[in-house]
Amino acid sequence: MKRPLTVSRRELMPDGTDAAFRAMVHDTLAFAARIQEIRAAFGELLGLPASGYTLLMTVLHRQGRDGVGVSAVAEHLHLTGSAVTVEANRLVKLGLLEKRGDPADGRRVLLRATPRAEQMLAHLAPVQAEANDALFGALDGPGFRRFAEAMHDLVGCADDALAILDLHRHRKSA
């Protein structure tokens, strides 16, 4: 019996089969798993879970002078505001984040990394640079720009695919 194709777009089947597509998906899964392991290792070096490390890095790099809103962090990380709030509260208890109301909009909460967190991340930066340089060692400048743009675009495509699957799951349960 001939196996059914798992894609239908010609661009995803250079040889007329889905073999190259399947190999690319498996390589992507392996790469994503390794990125998760690296993120967890960075967190471990700080004594944090991977999610805490990621939130702390995001706040540090997006806080500007006054802090960064929970919703902006959530949007950047493709998470819900409640997920960011839960993790932020943990980091506040550890003395790594500060939360305060936005003076311009009392409904918003602003997050800032504490000086202690900034110092911890500064000590981690050389390790991050070494690991990240190795992680993306196969990319030159133009390749990195193409990869970064493709990843950005693919997040939106993944959202579209999830919406399709949600429809199918809804139909199945109805």
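The residue numbers shown here count from 1 along each chain, following its written sequence. With pLDDT at 70 or above as the cut-off, local features in this predicted model cover only qualifying residues; side-chain atom pairs require 80 or more to be listed or tallied, and sums for whole chains, interfaces and linings still use all residues. Side-chain figures throughout are based on the complete set of non-hydrogen atoms in the structure, without hydrogens or water.

Peer 1: What should I look at first to understand the overall build of the protein in this one?
Peer 2: By definition, any uninterrupted DSSP run of H or I lasting at least four residues is a helix, any uninterrupted run of E lasting at least two residues is a strand, and each is numbered from the N terminus. Of regular secondary structure, the protein possesses six helices and three strands. When the elements of the protein are put in sequence order from the N terminus, they spell out α-α-β-α-α-β-β-α-α. With the C-alpha coordinates of the protein rotated into their principal frame, the extents come out at 60 × 45 × 30 Å. Only protein chains enter the accessibility calculation, which uses a 1.4 Å probe; a residue is then buried when its area is under 20% of its type maximum, exposed when over 50%, and partly exposed in between. Buried residues in the protein amount to 24% of all 174 residues. The criterion used for residue contact is that any of the two residues' heavy atoms lie within 4.5 Å. Sequence separation of 24 or more characterises 47% of the internal contacts of the protein that already satisfy a separation of 6 or more. Charged-residue counts in this description rest on Lys and Arg as positive and Asp and Glu as negative, His and the chain ends being excluded. A single reference atom marks each charge: NZ on Lys, CZ on Arg, CG on Asp, CD on Glu. Charged side chains in the protein number 22 positive and 21 negative. The centres of these two groups are separated by 5 Å.

Peer 1: Looking at this model, I keep getting lost on unusual backbone geometry. Mind explaining?
Peer 2: Excluding glycine, residues mostly have negative phi values, and the peptide bonds linking residues are mostly trans. Positive phi values are uncommon outside glycine, yet histidine 78 reaches one of about 60°. You can see histidine 78 is positioned in the loop between α3 (70-77) and α4 (81-93). Taking the relative accessible area as the measure of exposure, histidine 78 reaches 56% and is therefore exposed.

Peer 1: Teacher, can you tell me more about the nonpolar core here?
Peer 2: Nonpolar side chains in soluble globular proteins generally cluster together in the buried interior. Put simply, a nonpolar core is a bunch of buried Ala, Val, Leu, Ile, Met, Phe, Trp, Tyr and Cys residues held in one set by side-chain atoms that sit within 4.5 Å of each other. Ranked by size, the top nonpolar core spans 23 residues in total, and within it Leu55, Leu56 and Leu111 carry the most contacts. Going through the elements one at a time, α1 (19-46), α2 (50-62), α3, α4, β3 (105-113) and α5 (115-135) are the ones with two or more residues in this core. Per-element accounting of this core gives the leading share, five residues, to α2.

Peer 1: I'm lost on the environment of threonine 80 in this one. Help?
Peer 2: Its place among the elements puts threonine 80 in the loop between α3 and α4. We classify threonine 80 as partly exposed; its relative accessible area is 47%. The spacing of threonine 80 and valine 70 is 10 residues in sequence and 9.3 Å in space, taken between C-alpha atoms. As used in this structure description, the phrase polar contact means that two N or O atoms lie within 3.5 Å; if the pair is within protein, one of them must be able to donate a hydrogen and the other to accept it, and residues adjacent in sequence are counted only when both atoms belong to side chains. A polar atom in the side chain of threonine 80 sits 3.1 Å from the backbone nitrogen of alanine 83.

Peer 1: Hey, could you run me through the side chain of threonine 54 in this one?
Peer 2: Inspection of the secondary structure assignment puts threonine 54 in helix α2. Overall, the relative accessible area of 17% leaves threonine 54 in the buried class. Once residues within four sequence positions are removed from consideration, threonine 54 is found in contact with Arg39 and Leu77.

Peer 1: For this particular structure, what's the right way to read the pairing of β3?
Peer 2: Regular strands place side chains that alternate from one sheet face to the opposite one. At least two DSSP bridges between two strands are needed for those strands to be called paired. As judged from the two bridges shared by strand β1 (residues 68-69) and β3, these two strands associate in the antiparallel manner. Looking at the pairing, glycine 69 lines up with leucine 110 of β3. Bridge analysis of strand β2 (residues 97-102) against β3 gives six bridges, and the strand direction is antiparallel. Residue pairing for β3: glycine 101 is matched across the bridge by valine 109.

Peer 1: Help me understand α5 in this model?
Peer 2: Residue pairs spaced three or four apart in an α-helix point in one direction, given the helix's 3.6 residues per turn. Given a helix with a known number of residues, its expected span is that number minus one, times 1.5 Å. Here α5 spans 29 Å end to end across 21 residues, near enough to the 30 Å set by a 1.5 Å rise per residue. The sharpest bend along α5 reaches about 40° and sits at leucine 124, with the proline proline 126 one to four residues further on. Listed in full, the buried residues belonging to α5 are Ala117, Met120, Leu121, Leu124 and Gln128. Where the residues of α5 are buried, they touch α1, α2 and β3. In this analysis the local bend is the angle between axes fitted, respectively, to the seven residues ending at and the seven residues starting at the residue.

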